[in-house]
Amino acid sequence: MLDEQDVMELLLLRGAEQERLFERARAVRQEVFGSEVVVRGVSEITNQCRVNCVFCPMRRDNTRHNSDFRMDTERLVDIAASVRANDIDVVFFQGGEIPQTTRVVGEAIPAVRELYDGDVEILLNLGNKRRGEYEYLREQGATSYILKFETSDPTLNERMRRETLESRLTCLRDLLDLGYRVGTGSIIGLPDQDVASVARDLVFARDLGVHMCSVAPFVPAPDTPLAGHQGGDVELTLNAIAVSRLLGPSWLIPSVSALSKRAGEGQYRGLMAGANVITVNFTPDEQRDRYLIYGRDRFVVKRDYARDVIARAGLTPRGSVFLDATAGPAAPCLPQHTSGAA
Ligand code: SF4
C-alpha cells in the first residue's frame, strides 16, 4: 500500500517517468471501469454563501457586491429535464452553503426522479449541513454528495475556509453513515502548501473511505484575498490525479474544468492521467455568469466539448455507476479519529 513518502515521490515525477505513471493509472482505470467515462450534468443553483473561503469570489464578504441568485424548485426540475434530454442520468445540483437549499432541492428531487422513472443519480454539492438535513435529502431520493475537505492540514484549512476541518469531517461521517455515495477532494497550490502536504491530502482521502475524489489546481480569482497568489501547478495536479487512481482504483475521479482554465488541454490530460468523470454545465446563461467560482472568466464545459475530449482520450461516455445506491446500504466507515492525519 502506498504511503505518504511513496506518494510524494510519485507526485514529483516528470518527463518519461511521469508518462509511465499516467500509463499505470490508465491501466488501473481500464481494469475497473473499462474505457468508460461517467458524464454528469450540473446546475449551479445559488451563488449565495454563508462561508468566507479566502479563495472564492462568492465568499460571504462579497455578498453585497455580487448580483445574487437562488433558483426555485420548479427551475431545478426544468433544468433536470434538459439534462435528461441530453441523455445524461447524473443530475448534479451545486451551490453555495446556505440552509435554504435543503428545502428547495429536497422538494425538487422526487419530481426529478419521476422524470427518469427513478433511473437517475441525484448528486449534491451544497456544503455543510446538519445531519437531519442530509437525512431528509437522502429520504427524498438523493444518491450522492460531494464535500471537499480542500486541505487536510487543519491550520491551513482554517486559514483558507475560516472554518474548522473537523466540522467538515463531521459532515463527511454523517453522509457516509447515511448511505450516500460520497465524494471529497482537495485543492493544489494553496499558499504555503508543499508537495508533502499534497501527498498527505491524497492519503487522507483514501483513509476516509469515500467513493469519489477530486483534485483541482488552485485558480486565483479576482476580488478575493488570494487574487494575487499564483495558480496551482497543472503537472502536479495531473500527477495527483494519477496517484489518486492508484490509491482508489474504484473512485470516480473527475477531470475538472479548472484544469482547462489553467491549461488549454487540461481536461483531456486529466483523462489521460486516469480520471473518469466529466461534468457538463447546464446552468442557464443568466445565472452561470453570476456563479463566480473562478471569477467571471471561467471555463464552461458544454456537451460537445465533453464528447470531444472523451473521444480524443480514446474513451466512451457512460451513465451513473451508482444507480443501485438510492436505498443502498451504508458506505464504508469513516474512521472516527482523523484529526491526526494532517
Ligand atoms: S468555496 Fe464554497 S463554501 Fe467557500 S465561499 Fe465559495 S461557495 Fe462558499
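As the structure is a computational prediction, the values presented were derived from the model and not from experiment. (Residues numbered from 1 in each chain as written. Predicted model: local features only at pLDDT ≥ 70, side-chain atom pairs only at ≥ 80, totals over all residues. Heavy atoms only, no water.)

Chemist: Account for the environment of Val301, with residues named and values stated.
Modeler: Checked against the element boundaries, Val301 lands in the loop between helix H12 (285-288) and helix H13 (303-312). Taking the C-alpha atoms as reference points, Val301 and Val42, separated by 259 residues in sequence, lie 10.0 Å from one another. Once residues lying within four places of it in the same chain are set aside, the contact partners of Val301 are Ser257, Gln267, Ile278, Thr279, Val280, Asn281 and Ala306. (Helix = DSSP H or I, 4+ residues; strand = E, 2+ residues; numbered from the N terminus. Contact = heavy atoms within 4.5 Å.)

Chemist: Describe in detail the packing of aromatic side chains, supporting the description with residues and values.
Modeler: Remark: the centre distance and the inter-plane angle together describe each pair of aromatic rings, the angle taken between the planes. All chains considered together, the criterion is met by 4 aromatic pairs. Aromatic pair Tyr145 and Tyr180: ring centres 5.9 Å apart, planes at 80 degrees, arrangement edge-to-face. Linking Tyr145 in strand S4 (residues 144-146) with Tyr180 in the loop between helix H7 (165-177) and strand S5 (181-188), this pair joins segments that are 35 residues apart in sequence. Judged by its relative accessible area of 0%, Tyr145 is buried. Here Tyr180 falls in the buried class, since its relative accessible area comes to 0%. Seen from their ring centres, Phe149 and Phe204 are 5.0 Å apart, and the 75 degrees between their planes marks the pair as edge-to-face. Taken together, the residues span a long stretch of sequence, with Phe149 in the loop between S4 and helix H6 (154-161) and Phe204 in helix H8 (residues 195-208) at a distance of 55 residues. One aromatic cluster is present, built from ring pairs that chain together Tyr134, Tyr145 and Tyr180. Directly above the ring of Tyr116 sits Arg84, whose terminal nitrogen or CZ lies 5.2 Å from the centroid. Positioned above the aromatic ring of Tyr180, the side-chain terminus of Arg138 is 5.5 Å from the ring centre. (Phe/Tyr/Trp six-rings, centres within 6.5 Å; stacked < 30°, edge-to-face > 60°. Buried < 20%, exposed > 50% of the residue type's maximum accessible area, 1.4 Å probe, protein only. Lys NZ or Arg CZ within 6 Å of the ring centre and 35° of its normal.)

Chemist: Could you give an account of H8, naming the residues involved and the relevant values?
Modeler: The end-to-end C-alpha distance of H8, which contains 14 residues, comes to 20 Å, matching closely the 20 Å that a straight helix rising 1.5 Å per residue would cover. Within H8, 10 of the 14 residues are buried, which leaves the element mostly enclosed by the surrounding structure. Within the span of H8, buried status applies to Ser197, Val198, Ala199, Asp201, Leu202, Val203, Phe204, Ala205, Arg206 and Leu208. On the buried face of H8, the contacting elements are helix H1 (4-11), H7, S5, strand S6 (212-217) and helix H9 (234-247). (Expected span 1.5 Å × (residues − 1).)

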